[in-house]
Structure formats: structure tokens, C-alpha cells
Amino acid sequence: MISTGDLYQVYLQHPTVQTDTRKLQPGDVFFALKGPNFNANAFAHDALNAGAAYVVADELTGAPHDRILLVEDVLSSLQELALHHRRTFDIPFIAITGSNGKTTTKELIHTVLSSKYITYTTEGNLNNHIGIPLTLLKIKKDAEIAVIEMGANHLKEIEAYCRYVLPTHGIITNCGKAHLEGFGSPEGVRKAKGELFDFLRGNNGTAFIFDDYDYLHEMSAGIEKIIPYGIHKGFVSGNVAHNKPYIAVQIKDGPMIETQLVGDYNLPNILCAAAVGKYFHIPQDVVAAAIAGYTPSNSRSQLVEQGTNKIIFDAYNANPSSMMAAIENMAGIESGRKVLVLGAMKEMGADSIAEHQQLVDQIAQYKWKHVALVGGDFAKTGHNFLYFPTPEEAGKWLRAQQLQDAYILIKGSRGIAMEKVLG
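No experiment lies behind these values; they were computed from the predicted model shown.

Participant: Explain the sheet that holds strand β17 (residues 309-314) to me, using residue names and the numbers behind them.
Facilitator: Within the open sheet, the six strands sit side by side as β16-β17-β21-β18-β19-β20. Their pairing is mixed. A strand with exactly one partner marks an edge of an open sheet, and here the two such strands are β16 (302-306) and β20 (386-388). The sheet shows a mean angle of 20 degrees between the axes of neighbouring strands, direction not considered. Set on the sheet, helix α12 (residues 320-331) makes contact with β17, β18 (338-343) and β21 (407-411); between it and β21 the angle comes to about 180 degrees. Its contacts with the sheet put helix α14 (residues 391-400) on β18, β19 (370-374), β20 and β21, and the angle it makes with β18 is roughly 165 degrees.

Rendered as C-alpha cells:
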């Protein structure tokens, strides 16, 4: 069995790690992960034939090979290797978690910090027990700051990530009703997300908190250094100047930040990035320019223009708090042609139907030109709106309306695949 130290010497010679044979490039080190429905140990020789420099495996399914490195457990070895690499850095590591907005906040912070520092961050949604180690192993020796996103749907996950990320700074964007199936309750969400603050509390870390959320004050109590940001007060504070539909934020005693983000629910995300930038000594005008230049992707708060219609496309994730915020944002837009096309929420647990019903009741409080609900537990709610079992059917209906000068919100959990509404 190869030790972590010896494996790290291999990594230094071949510093590109891969866990998917379809993405394998010559010279990569392939980690043969296994799960309930797959076992990549079976592809060890295929990986070598495809050009892998080495394969890390915990089962030998073919002939022995001097470039197949055996370990007790491949996943544990990947995480231990990531920890070993992390310990070679003496730079700020900023960890971000939360129910909503963590990816947008991560992207904004990365954009701001990159204006002054060599900054590495989580790519896409590589924010789990496999993605985070891969992210750490992509950080090169020239790094000056790292920004790591942490996703979780069960207790103790964030705690486990902290063991190999070793964050020096942390952000919990918020704690809403997300992944209730795994967390059990809103209190479970706070306990799970709070594992990041628990680590900072025990390791002299620094927490950035949104001052307007009382529960974040409670969760961060005892952390040695707390940097608040908020609407009314904080290290950085500011308000929405307008939202037509891109949000602009006026920083108190600072610049106006014009953004390419849709929705006033992005205010805390923007203020957080501004606070982090100020904390790391980046001038406010540089921070404002960096945020203004950020263009959202990955189906998050994107504005898609089709003809005369403006489509707010936010179909990467959905939970009660993010759905309610998006609906309230749409309700505040001044237009007589507002359309909602909402996909069902996933991982809501025993309260799923009740949570969907609460959304339906919220929608009914406002006037809309059309409302179409798609899939899942929307089928089990009481309402007078349109309902479609699939996003394809909703998309066909939407195109048949031949709308002009309309604002259209398309949002839903990733599992519903609301991008199919756009065809």
C-alpha cells in the first residue's frame, strides 16, 4: 500500500487528478472511485491505456501493474492527499456554504479577489466530498487566496469538509428550507451549516455574517473575529438602488454597483463580496467594477432575452426560501405581462406537499398574466393555475402563447430540468 506522503510525490510529478475516464488526459493520475452502482477499479487498465500516468485503486481487477498504486480506500486517499496539499499553503482559505446564494456569492468573491490576488476557487458545482478534494488539488503554488464552496444535504458533511479544507475564513450565506429530507428540519439546516462556524470557532477563524439575520449572530457567537455586512450597518452596508431587472446596489459612503444579476434577493450576495474585498484591502471602486463585470452562468439568475420578452432563468436549484424570494422579486416588477413557469422542489421530505401548497398560496396573492406549475408535488396541491407533468409540455404551451413584451420567470429544482422549457 502506498502512503499519502509517497502518493503526494507522485502528484507533484503529475499534478492533474481525474476521477472520470471520459475526461482523462495523458499524464493524469486516475483515482478509481467506487459507489453503489459503479466500480472504477474495473477500468484501471483502460485508464493506463488511455494515457494515465498512474491509477490509484483499492481493488486489483486485472493483472498487477507498476503504475497501479494500491490504497486501502480510494476516496479516503483522495481526501488525505487533498489535506496533505492544503497543508503546504499558508494563505487565506475562504469556505462558503448556505441554503441559497452560495455559488453566486462564491463567484462574486472570486471575481473581486482576482482583481488583486491570484485566486483559486471551486469550479462549477464541485462542492461535495469528491469535488472539494479535486478543487484543492487544482490549487497551484502561486495561489494567494482560495475560495471553496461547500454543499451539503446531511449533518456532519460540512464538518468533514473542514477537516481537509482547514478554512481560515467562513461565510454562511443563509439557512433556509433546503434539503429538508436529509436535514430533518430548519433547525437541522442551521446545525449542519453551523458546522463551518464550529470549525472557525475552534481554530481562531474569521466569519463574515449578514448582519440582518439574527440567527447568524447566534450561530457565530464565540468566533474570535466577525466581519458583519448588511443593509443597515456593518463593515460594508448598502441598499438596492433599483432592480430593472438588473439589481444596482448603493454602498453606504461608497460607489453605486451596477450588476448583471437579476433579483433583489442578490443584495446579500453582493454586499458579502464587497465586504470580503474591503477586508482584503481592495479599493471600493475596484470592487464595484469587478462585480459589475460579473456575468452569471450555470442557469443562475440569468436574464435571457427572446424577442421582446425578458426571461429570468434560474433553474439550477429551488427550495421554499429561494422560490419565495424569486416570486416576490417578480411581483415587484412593473409590468402587466408577468408569467411564472415554476418547477417542483426536490428533497423536501415529509413536508413537501405543504411547502408546495404554501408557494401556490403565495402566488395567488398577486396578479399574473399566466402561471404554469410543472411536475412533482405541485400535482398534489389545490390551485386554479395551469399544471404540466413535464417541462417539455410547459415549453410547448409557453411557445404557443406567442407572448410579447413579457417578463417570464422560469425556476425549479435541477431534477426537474426546467431548461427544457426553453426548448
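Participant: An account of the UniProt feature "binding site: ATP" (unreviewed entry) in the protein chain is requested, with residue identities and associated values reported.
Facilitator: When the UniProt feature table is mapped onto this chain, "binding site: ATP" (unreviewed entry) is found at Gly98, Ser99, Asn100, Gly101, Lys102, Thr103 and Thr104. Within the element layout of this structure, Gly98 appears in the loop between β7 (93-97) and α4 (102-113). Note on Gly98: relative accessible area 1%, which makes it buried. Those residues in contact with Gly98 that lie beyond four places of it in its chain are Ile172, Thr173, Asn174 and Lys193.

Participant: Account for the side chain of Thr381, naming residues and giving values.
Facilitator: Mapped onto the fold, Thr381 is located in the loop between β19 and β20. At a separation of 2.8 Å, a polar atom in the side chain of Thr381 contacts the main-chain carbonyl oxygen of Phe378.

Participant: So what's going on with the packing of aromatic side chains? Which residues, and what values?
Facilitator: Scanning all chains against the criterion turns up eleven aromatic pairs. Ring geometry for Phe208 and Tyr279: centres 5.3 Å apart, planes at 85 degrees, overall edge-to-face. Taken together, the residues Phe208 in strand β11 (residues 206-210) and Tyr279 in helix α10 (residues 267-279) connect sequence positions 71 residues apart. In terms of burial, Phe208 and Tyr279 fall into one category: buried. Residues Tyr366 and Trp368 carry aromatic rings whose centres are separated by 6.0 Å and whose planes lie at 75 degrees to one another, so their mutual orientation is edge-to-face. A residue is classified by how much of its surface remains accessible, and Trp368, at 14% relative accessible area, is buried. Positioned above the aromatic ring of Phe93, the side-chain terminus of Arg86 is 3.8 Å from the ring centre.

Participant: Describe the environment of Gly27, listing the residues and the values that go with them.
Facilitator: For Gly27, the location among the structural elements is in the loop between β1 (17-18) and β2 (29-31). When near neighbours in sequence (up to four residues on either side) are disregarded, Gly27 contacts His14, Gly51 and Ala53.

Participant: Any details on the nonpolar core? Residues and values, ideally.
Facilitator: Ranked by internal contacts, the top residues of the largest apolar core, which has 85 residues, are Leu113 and Phe197. In terms of residue count, the dominant contributor to this core is α10 (nine residues). Excluding anything up to four places from it in sequence, Phe197 contacts Gly170, Ile172, Ala207, Phe208, Ile209, Leu216, Met219, Ser220 and Ile223. Formed by 41 residues, the second largest nonpolar core is a distinct cluster that contains Ala315, Met345, Val371 and Phe388.

Participant: Any chance you could break down the sheet that holds strand β5 (residues 54-57) for me, citing the residues and the numbers?
Facilitator: Strands sit in the order β1-β2-β5-β6 across an open sheet of four strands; the sheet is parallel. The sheet is open, and its two borders are formed by β1 and β6 (68-70), each paired with just one other strand. Pairing analysis gives three bridges linking β2 to β5, with the strands arranged parallel. Its bridge partner being in β5, Phe30 is matched across the sheet by Val55.

Participant: I'd like to hear about unusual backbone geometry, residue by residue, with values.
Facilitator: In the Ramachandran plot, His281 falls in the positive-phi region, its phi being about 65 degrees despite a non-glycine side chain. Looking at where His281 falls in the secondary structure, it is placed in the loop between α10 and α11 (284-292). Positive phi outside glycine occurs at Asp405, with the angle close to 55 degrees. Mapped onto the fold, Asp405 is located in the loop between α14 and β21. For Asp405, a relative accessible area of 47% corresponds to the partly exposed category.

Reading the values: the criteria
Residues numbered from 1 in each chain as written. Predicted model: local features only at pLDDT ≥ 70, side-chain atom pairs only at ≥ 80, totals over all residues. Heavy atoms only, no water. Pairing = 2+ DSSP bridges. Helix = DSSP H or I, 4+ residues; strand = E, 2+ residues; numbered from the N terminus. Axes fitted to C-alpha atoms, helices over the stretch in contact; angles between N-to-C directions. Contact = heavy atoms within 4.5 Å. UniProt positions renumbered as here; feature names shortened; annotations may be inferred. Buried < 20%, exposed > 50% of the residue type's maximum accessible area, 1.4 Å probe, protein only. Polar contact = N/O pair within 3.5 Å; in protein donor to acceptor, adjacent residues only side chain to side chain. Phe/Tyr/Trp six-rings, centres within 6.5 Å; stacked < 30°, edge-to-face > 60°. Lys NZ or Arg CZ within 6 Å of the ring centre and 35° of its normal. Core = buried A, V, L, I, M, F, W, Y, C linked by side-chain atoms within 4.5 Å.

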